[in-house]
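One-letter residues, chain by chain:
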Amino acid sequence: METETVGRRDRSLAPLVTVTVAAMVFTILLIGVRLQWAPLESADHGAAADINSLIAGNATAVGVVKAVTWLGSSGVLWTVIAAVTVILAIRRQWRLAAYLLITGAGALVLDPILKSLVGRLRPVVAHPIAHGNGDSFPSGHSLGSIVCYGAVFLVFLPAARGRWRPVFITVIAALVALIGISRILLGVHYLSDVVGAWALGITWLGVTAFAFELTRTAVGQPVTAPVAEGLEPEARADLKPARPEPAAGPGSGRPYGRIAAGVLVAWVLILGIITGVGELITKVGHGNVLGDRTIPHWLAAHRTPGLTRWSEIFSTLGATQAILIVALATCVVFLAVTRHWRPVVFVAAVMAGELGAFLAAAAVVQRPRPEVTQLDQHLPTSAYPSGHEAATCCLYVGIAILVIGHARGWWRWLFLVPAIAMPVLVAMSRMYRGEHHPTDILGSLLFAALWLTATIALIKPSADRQARVRGRPREHADRPVRPGTAAVRQ
């Protein structure tokens, strides 16, 4: 018994010792950088030049490193925090949601203040690859990533058990380490900038975790070991992304392999139809079907500053970045509300299939843009089909299908408004800007109609909701009935 008590005390002291050491490391580095301590400056400049030279001139390596460093950008980090906060709020884990927002906001405040106080200039390397804004110490990407992903780790650790826990820990640690290393490889930070940011991040995570433990104590909950158990072990059931489902088998009614094969076959056939229609329009119809020449010229002749501004807005809403944001937000909300992966799989399959079909059809047909002045310059793909229109139609109609299939009440039918309005507005904006012919839009609408029909029939995105309406949820079907329940039902 005494041995167990000593061991528990040692484990409880380990996080405190780690945070204290991290705070000391950051303080030492802060003083050394501020006073421009010669040994530290020499080591930093030498490491910056040597590490930067490892990828200089290698386009592939530079592309990979830039992709990694993008995962530590403020836009990505705040998107992660916002998405997780939404999940926690929907699951009514208000304290964890507040913890995540406060912890992330702290990193956002600490970084610019410390940079302005220290005033360290960025490294000057022989082969500059990227350009960093502002001062150098500490590294904002490194600080933000360790705070953001570290906070997500502490929040969701109770849900990661068994073989998934080592995977979860490894992914978070590798992500934070790679983002920090990428900043040195790109030549925008010194080694001490990154190490100092990591030390400060560990310190801030420790302080906020301790504050969270105080809130638990205030409401009479037991003190936990956040690094080993997570911040709120009691919330394990709500922190799981989805409810467990029975494994697929001969009698399970979930032939995932056949569904995936069916989706793939449908995609290939639909791609063939869309590509064939495009070839007929451009080759047989000579590119002058349904006003393909007259309508773009008429729209170009009636451009006004106001219409041009509105067309840019709706064209942007149909672009890849906006579509991706809305799709990810949809997945987050439906996963948090329904506790099932099926809506997420549906959205992912629809949007991935749309992107692949658009790129393939555009590469095969290679239709030139309309012979008018285009307001969007240097577009990488050809005119047929319209990627903006296909993505917009698939996304907003897909959202309407999900909401109508899962929700109750008259308000769910309001989602038909964006499902109809957004494709119309994006289509008009793309033709107005001189980027597409009318038949490009029709080809996209045809693809969206066929692809949505196929994915709905095969994936059945509302099947989980229908199962709950018919009776007991399938995830509870195999649970034993509590004593007395059968008698009550009789």
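Keep in mind the model is a prediction, meaning the values are calculated, not measured.

Participant: Hey, could you run me through unusual backbone geometry in this one?
Facilitator: Leave glycine aside and you will find that most residues have negative phi; peptide bonds, for their part, are mostly trans. In this structure, the amide linkage connecting phenylalanine 137 to the following residue, proline 138, adopts the cis form with an omega of -10°. Relative to the elements of secondary structure, proline 138 occurs in the loop between helix H5 (94-118) and helix H6 (140-156). At glutamine 366, a position not held by glycine, the phi torsion is positive, near 50°. Position of glutamine 366 relative to the elements: it lies in the loop between helix H15 (342-365) and helix H16 (387-406). Look at glutamine 366 and you get exposed, because its relative accessible area is 57%. Of note in the backbone geometry, lysine 460 takes a positive phi value of approximately 55° without being a glycine. Residue lysine 460 is classed as partly exposed on the basis of its relative accessible area of 47%.

Participant: When you look at the state of the cysteines in this model, what are you seeing that I'm missing?
Facilitator: Note: disulfide means a covalent bond formed between the sulfur atoms of two cysteine side chains. Using the criterion set out here, one finds 0 disulfides in the structure. In this model cysteine 393 remains outside any disulfide bridge; the closest cysteine sulfur is found in cysteine 394, 6.1 Å from its own.

Participant: Would you explain helix H3 (residues 59-70) in this entry?
Facilitator: With 12 residues, H3 should cover 16 Å at 1.5 Å per step; its first-to-last C-alpha distance of 16 Å lies within 8% of that length. All of the buried residues along H3 are Val62, Val65, Val68 and Thr69. Looking straight down H3, one finds that the buried residues subtend no more than 125° of arc, so they occupy a single side. Exposed residues lying more than 90 degrees from the buried face of H3 are Ala59, Thr60 and Trp70. The inward-facing, buried residues of H3 abut H6 and helix H7 (164-185).

Participant: Teacher, can you tell me more about the side chain of arginine 183 here?
Facilitator: Relative to the assigned elements, arginine 183 resides in helix H7. The buried charged residue arginine 183 lacks any salt bridge, with aspartate 193 as its nearest oppositely charged partner at 8.9 Å. Apart from the residues lying within four places of it in its own chain, the contact partners of arginine 183 are Thr69, Arg122, Ser139, His141, Ser142, Val188, His189 and Val194.

Participant: I would appreciate a short explanation of the pattern of salt bridges in the present structure.
Facilitator: Side chains that carry opposite charge are capable of pairing whenever their charged atoms lie near each other. Taken as a whole and judged by the stated rule, the model has 9 salt bridges. Notably, a salt bridge pairs arginine 430 with aspartate 376, separated by 2.9 Å at the nearest N-O pair. Taken together, the residues span a long stretch of sequence, with arginine 430 in helix H17 (residues 416-432) and aspartate 376 in the loop between H15 and H16 at a distance of 54 residues. Accessibility classification places arginine 430 together with aspartate 376 in one group, the buried group. The structure contains a network of salt bridges with shared partners spanning Glu41, Asp44, Arg120 and Asp193.

Rules of the game
- Residues numbered from 1 in each chain as written.
- Predicted model: local features only at pLDDT ≥ 70, side-chain atom pairs only at ≥ 80, totals over all residues.
- Heavy atoms only, no water.
- Helix = DSSP H or I, 4+ residues; strand = E, 2+ residues; numbered from the N terminus.
- Buried < 20%, exposed > 50% of the residue type's maximum accessible area, 1.4 Å probe, protein only.
- Disulfide = S-S within 2.5 Å.
- Expected span 1.5 Å × (residues − 1).
- Arc of directions from axis to C-beta.
- Contact = heavy atoms within 4.5 Å.
- Lys, Arg positive; Asp, Glu negative; His and termini not counted.
- Salt bridge = Lys/Arg side-chain N within 4 Å of Asp/Glu carboxyl O.

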